[in-house]
Amino acid sequence: MNCTKCIGCNNMKSIIQDIRTLDIQRMQINIGEYHYGVTVVGTGKPLVCFHGFSESGSTWDGIEVPGYRLIRIDSMGHGRSARPMELTPYTLPQMLSDLHRIIYAVAGESYALMGYSMGARLALLYALEYPKEVTHLVLESGSVGIEDRAARQERYFADTALGNRIREQDIQWFSETWAKLDIFKTQQSLPVKVQQQIQRRRLLNSPHALACTLEGSGQGSMPYVGHRLSELTMPICYISGELDTKYTAIGAQYFGDVHCIVLQVGHNVHVEAPEAYRQILEQFFYNRKY
């Protein structure tokens, strides 16, 4: 491991009341006509977790932070969250608004935030939207958006085309195709059990929900925010794998001395090197002075 710097709404009351009276780890929170699945693990201060594309909150099963309870939210169309047919619930403005309602209900007005890949993009946009509520921000292998408008539009067309292809095929085709991407090659060296867990999470998805996610909140739909990072005043930790050259370059360019690089792993650091990841989190939350 190497670090460049060592290291509401009208019905909200009823939602909060329902959650507080349920002595369970898993919950379902209704947002209008659809719902989000939420899993809470551990005790202590709230740490909200966003997962990556075609994953679910269970991707964080191997991660814990002493003194924090992990509030793991399944993104729209993923895990135990709803899979509406219409596009609007998958768009970034709608998801950010929905997530804020959920987080306010479960975590209150002050919480740490952590996201991986697609979830890191969501976490970054969310922190820019609600900066006074986020106490700490952890971004793993996340983009700040595509600066060039033409390139961003090209990515949007590519995302939409991939979504249409997923609709035409089936979830097995998607799982096999996604696993072969260069960005996930390092996962081929993981224990078979871990690879099977990743595959099971992918196979639980539905083609239309993945397609809507790509169109509504894919990289081509994300606004470029690299020029806005100075607006974030909370402590930030950006984590990337040494072998994931794309996101390690993003970390070096935009996050400087708060960028942690984990050696000999790729895009999905918290799955490929969970112990190193936990050490970074403990260092970030407990050993750094601000």
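Residues numbered from 1 in each chain as written. Predicted model: local features only at pLDDT ≥ 70, side-chain atom pairs only at ≥ 80, totals over all residues. Heavy atoms only, no water.

Chemist: Looking at this structure, how should I read the pairing of strand 7 (residues 134-140)?
Modeler: In terms of residue burial, strand 7 counts as a mostly covered element, since six of its seven residues are buried. Pairing of strand 6 (residues 111-116) with strand 7 involves five bridges; the strand directions are parallel. Bridge pairing in strand 7 places L113 opposite L137. A crossover links strand 6 with its parallel partner strand 7, the connecting element being helix 3 (residues 118-129), and its sense is right-handed. Where strand 7 lies against strand 8 (residues 236-241), four bridges are found, and the strand directions are parallel. In the sheet register, V138 faces strand 8, and the bridge partner there is C237. (Buried < 20%, exposed > 50% of the residue type's maximum accessible area, 1.4 Å probe, protein only. Helix = DSSP H or I, 4+ residues; strand = E, 2+ residues; numbered from the N terminus. Pairing = 2+ DSSP bridges. Right-handed = clockwise from strand over helix to strand, strands pointing away.)

Chemist: In this structure, what is going on with the state of the cysteines? I would like to understand it.
Modeler: The tally for this structure, following the rule as stated, stands at zero disulfides. Free cysteine C237: the closest other cysteine sulfur is in C260, separated by 4.4 Å. (Disulfide = S-S within 2.5 Å.)

Chemist: Please explain helix 2 (residues 92-107) as it appears in this structure.
Modeler: An α-helical turn contains 3.6 residues, so a residue and the one three or four places further along point in the same direction. Between its terminal C-alpha atoms helix 2 stretches 21 Å, which fits the 22 Å expected from 16 residues at 1.5 Å a residue. The buried fraction of helix 2 amounts to twelve of the 16 residues, a majority that puts the element mostly inside the structure. Buried residues of helix 2: L92, M95, L96, D98, L99, H100, R101, I102, I103, A105, V106 and A107, and no others. Just downstream of helix 2, G108 is the residue with a positive phi angle, here 90°. (Expected span 1.5 Å × (residues − 1).)

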